[in-house]
2 protein chains.
Amino acid sequence: MPRSAEQTRKRILDGAYTLFRRHGYSRVSMDDIAAKASFTKRTLYHHFKSKDQLLADVLACQQELALQAFKTFGDRLSGSPEAIVEGMFRELAVWADRPRWAGSGFTRLVIELADLPGHPARLIARRHKARLERCLGELLERSGVRRAGELARAIWLLSEGAISLILVHGDQGYSAAAANAAMTLVRSHLDKHQKAVRAAGNGSVNWR
Amino acid sequence: MPRSAEQTRKRILDGAYTLFRRHGYSRVSMDDIAAKASFTKRTLYHHFKSKDQLLADVLACQQELALQAFKTFGDRLSGSPEAIVEGMFRELAVWADRPRWAGSGFTRLVIELADLPGHPARLIARRHKARLERCLGELLERSGVRRAGELARAIWLLSEGAISLILVHGDQGYSAAAANAAMTLVRSHLDKHQKAVRAAGNGSVNWR
DNA sequence: CAAAGTATACTCATTAGTGAATTTACAGGG
DNA sequence: CCCTGTAAATTCACTAATGAGTATACTTTG
């Protein structure tokens, strides 16, 4: 065995993720991916059954990392709901400010495949988003907010909306607008009087 | 001249819009579009310089209709900000409930072309979204809400987020969640005590 | 008849996917 | 310690289909 299969697989998955995320699905060819990972296309087909399956595997693999990143992110935040929200949107702003940022890989790919509800990649992306939303809900729950699930969903909506609109307009201002709106919502979910708007760590993991 | 050029152009634009909206850009071929409009591909190239230009023209044409639809929609609404918001999200729910709904054509296409900031279609989509947001702002302004522009942007974020998440999960519940959040935001933008939550007409124009 | 409009029949590049040969790493016999 | 068989890993060279875009001839209408 010239190389450990595991290593090769990983190199392919990594390269493919980068390309898919940056250029979408259709516009990335198997040859592109092969070139990126410095293998022949035939090798890709040795490790992955088809392009669609490769995409699914890429997302499945990325999902693990992203979920971990989000949990780490959650741990870094102090307990106040304001801090959680502020941290979330600050991170979004940092993330979206990167040179050739092209949105959330998961969202982007699902939207590209919007008319193919049976595509394996969609199922994975869907589960991923649902899990993240639940995580946020738990985080908020622990922070002592009322109807945390409802709030989490609203914040998630703002976050996805911000991703779309930043992409459309190339204007990071939408992230600040989303943060403001989210803060208003948080306050409306607070029992009477709670405050404490502590800051949170930054970093540029991307778990969307 | 076998047919009026204008008529042919329109038939092509209509068919192309349907296809692009449903399947995205890359996965629709010029042959598909030609077939849809019952012309030969060569005819398309007689009327449009390239596929990219066709897309741009499609969006430009659709933009007019969509803007008009939104204005009509705005006129139908009674003046209270709650009614405006409720109407918006009810319409979204109806729209997203259609059989093979695949999101907002504009958003979808911009996201697909996220890595091509210079693409002519992006400029048009961008202007379109900006104009709609401004329209919503004016609508809210007239309804007597404070900081209408800020509110409009927040609502717009929720709306775009809902489109994304409905697409991801196939769950129209996100539209209701967005509506609730929007309503909370509206209330926080109301001067002291205003109410009146009148209903508005429905219909299924899609101006996103 | 003239000119715009439409069709036939291509070109050339690219793409997902494959058949068959070739290389490599390691197991076990000498 | 080397040699060698073997199976996995990788490559080369290909197919068949599809895509954007075009040269040219035909058709329709004013």
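An unreviewed UniProt entry lists chain A under the name TetR family transcriptional regulator, from Bradyrhizobium iriomotense.

Residues and elements named next belong to chain A. Residues Lys71, Arg127, Arg131 and Arg134 make up a contiguous surface patch of positive charge. Sort the elements by how many residues they give to the positive patch and helix H7 (residues 120–142) lands first, with three residues. For arginine 131, the location among the structural elements is in helix H7. In this structure arginine 131 comes out as partly exposed when scored by relative accessible area, which is 30%.

In terms of nonpolar packing, the biggest core is built from 88 residues, with Phe89(A), Ile155(A), Phe89(B) and Ile155(B) touching the most fellow members. Not counting residues up to four positions away in its chain, the partners in contact with Phe89(A) are Ile155(A), Leu158(A), Ser159(A), Ser175(A), Ala178(A), Ala179(A) and Ala182(A). Leu13(A), Val28(A), Ala34(A) and Ala125(A) belong to the second largest nonpolar core, which has 29 residues in total.

Oppositely charged side chains may form a pair once their charged atoms are brought near each other. All chains considered together, the criterion is met by 18 salt bridges over all chains. A salt bridge links Arg9(A) to Asp57(A), with the nearest nitrogen and oxygen atoms 3.9 Å apart. Remark: Asp57(A) occurs in helix H4 (residues 51–76) and Arg9(A) occurs in helix H1 (residues 5–23); sequence separation between them is 48 residues. Given a relative accessible area of 26%, Arg9(A) falls into the partly exposed group. Taken together, the shared-partner salt bridges in this structure form one network comprising Arg27(A), Arg108(A) and Asp115(B).

For the rest of this paragraph, the subject is the packing of aromatic side chains. For any pair of aromatic rings, the description consists of the separation of the ring centres together with the inter-plane angle of the planes. A complete count under the given rule lists six aromatic pairs over all chains for this structure. Taken together, a centroid distance of 5.5 Å and an interplanar angle of 40° make the contact between Phe20(A) and Tyr25(A) tilted. The exposure classification of Phe20(A) matches that of Tyr25(A), with both residues buried. When the ring of Phe70(A) is compared with that of Phe73(A), the centres are 5.6 Å apart and the planes differ by 40°; the resulting orientation is tilted. Taken as a pair, Phe70(A) and Phe73(A) lie in helix H4 at a separation of three residues, close to a single helical turn. Residue Phe70(A) shares its accessibility class with Phe73(A), and that shared class is buried. For the cation-ring pair, Lys51(B) lies above Tyr25(B), with the distance from its terminal atom to the ring centre recorded as 4.4 Å.

Following the UniProt record, one finds the feature "DNA-binding region" (unreviewed entry) at residues 29–48 of chain A. Split by type, residues 29–48 of chain A is 70% helix and 0% strand. Its first and last C-alpha atoms lie 14 Å apart.

Once that is clear, we can look at the domain arrangement of chain A. Residues and elements named next belong to chain A. If you check the domain split of chain A, you get domain 1 (1–48) and domain 2 (55–188). Using C-alpha coordinates to define each centre, domain 1 is positioned 27 Å away from domain 2. Between domain 1 and domain 2, the contact holds 13 residues from the first and 14 residues from the second. Between domain 1 and domain 2, a total of about 1300 Å² is buried, with carbon and sulfur atoms accounting for 60% of that surface. Applying the counting rule to domain 1 against domain 2 returns one salt bridge. Across the contact surface, domain 1 and domain 2 share four residue pairs in polar contact (both at pLDDT 80 or more). By residue class, the composition of the side of domain 1 that touches domain 2 is six nonpolar, three polar and four charged.

What follows concerns the UniProt feature "domain: HTH tetR-type" (unreviewed entry) in chain A. If you check UniProt for "domain: HTH tetR-type" (unreviewed entry), the listed places come out as residues 6–66 of chain A in our numbering. Spanning residues 6–66 of chain A, this segment combines 79% helix with 0% strand, and its end C-alpha atoms are found 20 Å apart.

Right, let's get into helix H6 (residues 105–112) of chain A. Among the eight residues that make up H6(A), eight are buried, leaving the element largely enclosed by the rest of the structure. Inspection of H6(A) places Gly105(A), Phe106(A), Thr107(A), Arg108(A), Leu109(A), Val110(A), Ile111(A) and Glu112(A) among the buried residues, and these make up the whole buried set.

Here we take up the relation of the copies chain A and chain B. Aligned on chain B, chain A shows an RMSD of 0.0 Å; the corresponding rotation is 180° and the shift along the axis is 0.0 Å. Such a turn and shift between the copies fits a two-fold axis. Relative to the rotation axis, the closest C-alpha in chain A is found at Gly161(A), a distance of 1.8 Å. Most of the interface of chain A is mirrored in chain B, where 100% of its interface residues again form contacts.

Rules behind the numbers
- Residues numbered from 1 in each chain as written.
- Chains lettered and ligands numbered in written order.
- Predicted model: local features only at pLDDT ≥ 70, side-chain atom pairs only at ≥ 80, totals over all residues.
- Heavy atoms only, no water.
- Patch = residues over 30% accessible without salt bridge, like charges linked within 9 Å, V, L, I, M, F, W, Y side chains within 5 Å.
- Areas by Shrake-Rupley, 256 points an atom, 1.4 Å probe, with all protein chains shown as cover.
- Salt bridge = Lys/Arg side-chain N within 4 Å of Asp/Glu carboxyl O.
- Lys, Arg positive; Asp, Glu negative; His and termini not counted.
- Charge placed at Lys NZ, Arg CZ, Asp CG, Glu CD.
- Helix = DSSP H or I, 4+ residues; strand = E, 2+ residues; numbered from the N terminus.
- Buried < 20%, exposed > 50% of the residue type's maximum accessible area, 1.4 Å probe, protein only.
- Core = buried A, V, L, I, M, F, W, Y, C linked by side-chain atoms within 4.5 Å.
- Contact = heavy atoms within 4.5 Å.
- Phe/Tyr/Trp six-rings, centres within 6.5 Å; stacked < 30°, edge-to-face > 60°.
- Lys NZ or Arg CZ within 6 Å of the ring centre and 35° of its normal.
- UniProt positions renumbered as here; feature names shortened; annotations may be inferred.
- Domains from an automatic or database assignment.
- Buried area = accessible area lost by both parts, 1.4 Å probe.
- Polar contact = N/O pair within 3.5 Å; in protein donor to acceptor, adjacent residues only side chain to side chain.
- Nonpolar A, V, L, I, M, F, W, Y, C, P; charged D, E, K, R; others polar.
- Least-squares fit on C-alpha atoms with pLDDT ≥ 70 in both.

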